[in-house]
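Each chain, letter by letter, is given below.
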Amino acid sequence: MTLEFSPEARQRAETIIRRYPPQYKKAAVIPLLHLAQEEWGYISAEAMAYVATLIEAPPVKVAEVATFYPMFNKEPIGKYEIQVCHTLPCALTGCGRIVKHLCEKLNIQVGQTTPDRRFTLKKVECLAACDRGPVMLVNKTLYTNLTLEQVDDILNGLE
Amino acid sequence: MDASRCILTREMETIPNLTDIDIYIQHGGYQTVEKALKMMKPEEVVKAVTDSGLKGRGGAGFPTGRKWSLLANRFPRYLCCNADESEPASFKDRKLLEGNPHRVIEGMILTSYANGINLGYIYIRGEFFQIIEQMDRAFAQAYERGYLGKNILGTGFDLDLYTHPGAGAYICGEETGLIESLEGNRPYPRLKPPYFPAAIGLWQAPTIVNNVETMADVALVVEHGADWFKGFGTEDSTGSRLFGLCGHVKKPGLYELESTITLRSLIYDVGGGVRGDKKLKAVIPGGISAPVLTPDELDVTMEFGEMAKAGTMGGTGGVVVMDETVCMVDALLNISMFARHESCGQCTPCREGMPWINDMLRRIEQGHGRQEDIDLLLDVCFNIEGRTVCVFGQAPGVWPTRSFIVKYLPEFQAHIEQHKCVVLPVEESYLRKENVEMLGVGVFRAKNS
Ligand SMILES: Cc1cc2nc3c(=O)[nH]c(=O)nc-3n(C[C@H](O)[C@H](O)[C@H](O)COP(=O)(O)O)c2cc1C
Ligand code: SF4
Ligand code: FES
């Protein structure tokens, strides 16, 4: 199967590539991988090959990058990606409780996806909101000063 | 705190919608750019920054004017503003970018003009989704108003600035790792020398890498002059600084202060003291990589020089407060987990040393530590320090490990001798539970696959 961006994403890709000098198109690889992940939810080998054509680099160059950076999912994840910060300042303010609660509530362990593919639970490192811990990201939204009740409300609020 | 001393944050706290360029301009925004481009020579801008004594706010505290003067005499040159902000306990750049993006853009324009740069990027960590969008909008507005692009304000100066997102790797904050990442590679830091960015940086060209807060300070220096800027802070640490308080403190948050404040006053007067009026046990004063301080070491000012004398570092100004319920083995285990996960894997002492430290600490924490483990930990530290490509090996690797062990040795020994935590039973320490829980699960995303 060959993948291709939607016309809209294609246009955004071109804007991104124009930000770099033409001889250094390869610099666009991270923003383009983000775009690919938005389009398809994760980065497949096909997606890597497609991004490679856009920046005129060998697919292995893209694979090298995609496999290094933690934000790129190499396999499909749930509709909602929940990432709880577990670095020291958040650990001091009780992120352990939040993680445990989420595990129990979603009935999965960290790193897993619920069988209905709605939720993926992950731990993440410092999100630069340490004064408002515990914190978590749900897809692109940051929630801060979390309590267990708030976590319930947030989960209930997601369709 | 005297609000008139808050030179960086006052605007964004008092003026609503400052992120909109029209509001920003109404309040005098971009006048400095106009003044500098039309009335100052690039050398004059460099001189103002040098004279101001401004030191970089990205962690190392290197004088900004001096950094600029080291640029190799070649063109093109590039600018990278470092907004990777991944140092745990640091959240100042987020607040600045959220609250006052145009101030940072002004700083970037002035830096570019001063150094003959026509293309620059702000490297923003990937998790800052909204900030990246907002910054893209801010740049677009600046282009529309003619502050970016070709022939800016009719002065003949051209400049393009763009955002560049990261994707969740801490090491992209290290300046040469950032450059590799921007070029589209794995962010393996480069060997210095020869790869000092000022000599051989982005695409092999002379490059300036400066922190977000540094950029905002540059705008202030050019707006008000070096002498005005020096009127804040001390000779060693001019201007104001953004200090972040987090952990077990009553009033966590970001505070703009002068470095004359002592760490004790920062925690007790500004932060309201320890949460629940518990006893203070330990403080990490400058981002998690900085060596830890004990409660009797707090009468030190937040100046870069004084911090160094106290055996720690001012770093990013992020202060972590820990109360008496914290097990130091536990806390260090958390830090070592971070170090293990974020080592880029390029050089052996760091790639192998971090997991080794982490494993030994886990063993001690679980009550299976051996007498010789403490010496072994220090020995591993010794063998990492100075033997790695970048400073990551030391911070957050060696420095926290060594300082925790040296300053809280009895706690480590008790763990080993009594085969258990002596601070609190498992069920009462969230921090401890957190680590115990983590053992069984595959949280370490394969880094070197
Ligand atoms: C492991 C490591 C991580 C770093 N992370 C950051 C960061 O997130 N943000 C930052 O501005 N500087 C970071 N730095 C410091 C940069 O290498 C560089 O010194 C700084 O961006 C220079 O800017 P300044 O002179 O304005 O401080 C890091 C350094 C190291 C060794
Ligand atoms: S010290 Fe660690 S982080 Fe730095 S280059 Fe070596 S392996 Fe990478
Ligand atoms: S430690 Fe959780 S946001 Fe910084």
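Every value quoted in this text rests on a predicted model; they were computed, and no experiment measured them.

## Considerations on the domain arrangement of chain B
Residue and element names in this part refer to chain B.
Okay, step 1: Along its sequence, chain B is organised into domain 1 (3-230), domain 2 (240-323) and domain 3 (328-439).
Okay, step 2: Placing a centre on the C-alpha atoms of domain 2 and another on those of domain 3 gives a separation of 22 Å.
Okay, step 3: At the interface, 13 residues of domain 2 touch 13 residues of domain 3.
Okay, step 4: For the pair domain 2 and domain 3, the summed buried area comes to about 1000 Å², and 70% of that belongs to carbon and sulfur atoms.
Okay, step 5: Our enumeration of links across domain 2 and domain 3 arrives at 2 salt bridges.
Okay, step 6: The interface formed by domain 2 and domain 3 contains 5 residue pairs in polar contact (both at pLDDT 80 or more).
Okay, step 7: Here the element with the most residues in the side of domain 2 that touches domain 3 is strand β7 (residues 280-284); it accounts for 3 residues.
Okay, step 8: Counted by class, the side of domain 2 that touches domain 3 contains 9 nonpolar, 2 polar and 2 charged residues.

## Comments concerning the nonpolar core
Okay, step 1: If you look at the biggest cluster of nonpolar residues, it comprises 186 residues, and the most contacted ones within it are I122(B) and M322(B).
Okay, step 2: A total of 9 residues in this core trace back to one element, the largest contributor, which is helix α14 (residues 328-342) of chain B.
Okay, step 3: Among all residues touching M322(B), those that are not within four sequence positions of it are L88(A), L92(A), H248(B), L280(B), K281(B), A282(B), I284(B), M328(B), A331(B) and F404(B).
Okay, step 4: L263(B), V274(B), V319(B) and V321(B) belong to the second-largest nonpolar core, a separate cluster that totals 20 residues.

## Some points on the domain arrangement of chain A
Okay, step 1: In terms of domains, chain A is made up of domain 1 (7-68) and domain 2 (80-156).
Okay, step 2: One C-alpha centre belongs to domain 1 of chain A, the other to domain 2 of chain A, and the line joining them spans 29 Å.

## Concerning the packing of helix α2 (residues 29-40) of chain A against helix α4 (residues 59-66) of chain A
Packed helices, taken two at a time, are described by the angle between their axes plus the distance between the axes.
Residues and elements named next belong to chain A.
Okay, step 1: Remark: α2 packs on α4, axes separated minimally by 11 Å, with the N-to-C direction vectors making an angle of 80 degrees. In terms of their interaxial angle, α2 and α4 are classed as roughly perpendicular. On the side of α2, the interface is formed by V29, I30 and L33, while α4 contributes V62, V65 and A66.
Okay, step 2: Of the residues contributing to the contact of α2 with α4, the split by class is 6 nonpolar, no polar and no charged.

## Details of the sheet that holds strand β3 (residues 136-138) of chain A
Residues and elements named next belong to chain A.
Okay, step 1: Pairing within the open sheet is mixed, and its 4 strands lie in the order β2-β1-β3-β4. Both outer strands of the open sheet, β2 (119-124) and β4 (141-143), are each paired with one neighbouring strand and no more. The average angle at which neighbouring strand axes cross in this sheet is 20 degrees, direction not considered.

## Considerations on the sheet that holds strand β1 (residues 78-83) of chain B
Residues and elements named next belong to chain B.
Okay, step 1: A sheet is described by the order of its strands in space; here 4 strands give the open sequence β3-β2-β1-β4, paired in parallel fashion. In the strand order of this sheet, the two ends are held by β3 (160-165) and β4 (207-211), each with one partner. Direction aside, the axes of adjacent strands within the sheet are offset by 20 degrees on average.
Okay, step 2: Alignment of β1 against β4, held across 5 bridges, turns out to be parallel. Paired with C80 across the two strands is V209, which belongs to β4.
Okay, step 3: Along the sheet, helix α7 (residues 101-115) contacts β1, β2 (119-124), β3 and β4; its crossing angle with β1, the most-contacted strand, is approximately 150 degrees.

## So, unusual backbone geometry
Leaving glycine aside, a negative phi is the common case for residues, and trans is the common case for peptide bonds.
Okay, step 1: Residue P194(B) is bonded to the preceding P193(B) through a cis peptide linkage, with omega at 10 degrees.
Okay, step 2: Among the structural elements, P194(B) can be located in the loop between α9 (175-183) and β4.
Okay, step 3: Residue P396(B) is reached from A395(B) by a cis peptide bond, and omega for that bond is 15 degrees.
Okay, step 4: Take P396(B): it is sitting in helix α17 (residues 394-407).
Okay, step 5: One non-glycine residue, N145(A), lies in positive phi territory at about 45 degrees.
Okay, step 6: In this fold, N145(A) is placed in the loop between β4 and α7 (148-157).
Okay, step 7: Unlike most non-glycine residues, Y30(B) shows phi in positive territory, near 70 degrees.
Okay, step 8: Of note, Y30(B) is situated in the loop between α2 (21-26) and α3 (31-39).

Rules used throughout
- Residues numbered from 1 in each chain as written.
- Chains lettered and ligands numbered in written order.
- Predicted model: local features only at pLDDT ≥ 70, side-chain atom pairs only at ≥ 80, totals over all residues.
- Heavy atoms only, no water.
- Domains from an automatic or database assignment.
- Contact = heavy atoms within 4.5 Å.
- Buried area = accessible area lost by both parts, 1.4 Å probe.
- Salt bridge = Lys/Arg side-chain N within 4 Å of Asp/Glu carboxyl O.
- Polar contact = N/O pair within 3.5 Å; in protein donor to acceptor, adjacent residues only side chain to side chain.
- Helix = DSSP H or I, 4+ residues; strand = E, 2+ residues; numbered from the N terminus.
- Nonpolar A, V, L, I, M, F, W, Y, C, P; charged D, E, K, R; others polar.
- Core = buried A, V, L, I, M, F, W, Y, C linked by side-chain atoms within 4.5 Å.
- Buried < 20%, exposed > 50% of the residue type's maximum accessible area, 1.4 Å probe, protein only.
- Axes fitted to C-alpha atoms, helices over the stretch in contact; angles between N-to-C directions.
- Parallel < 35°, antiparallel > 145°, perpendicular 65-115°, else oblique.
- Pairing = 2+ DSSP bridges.

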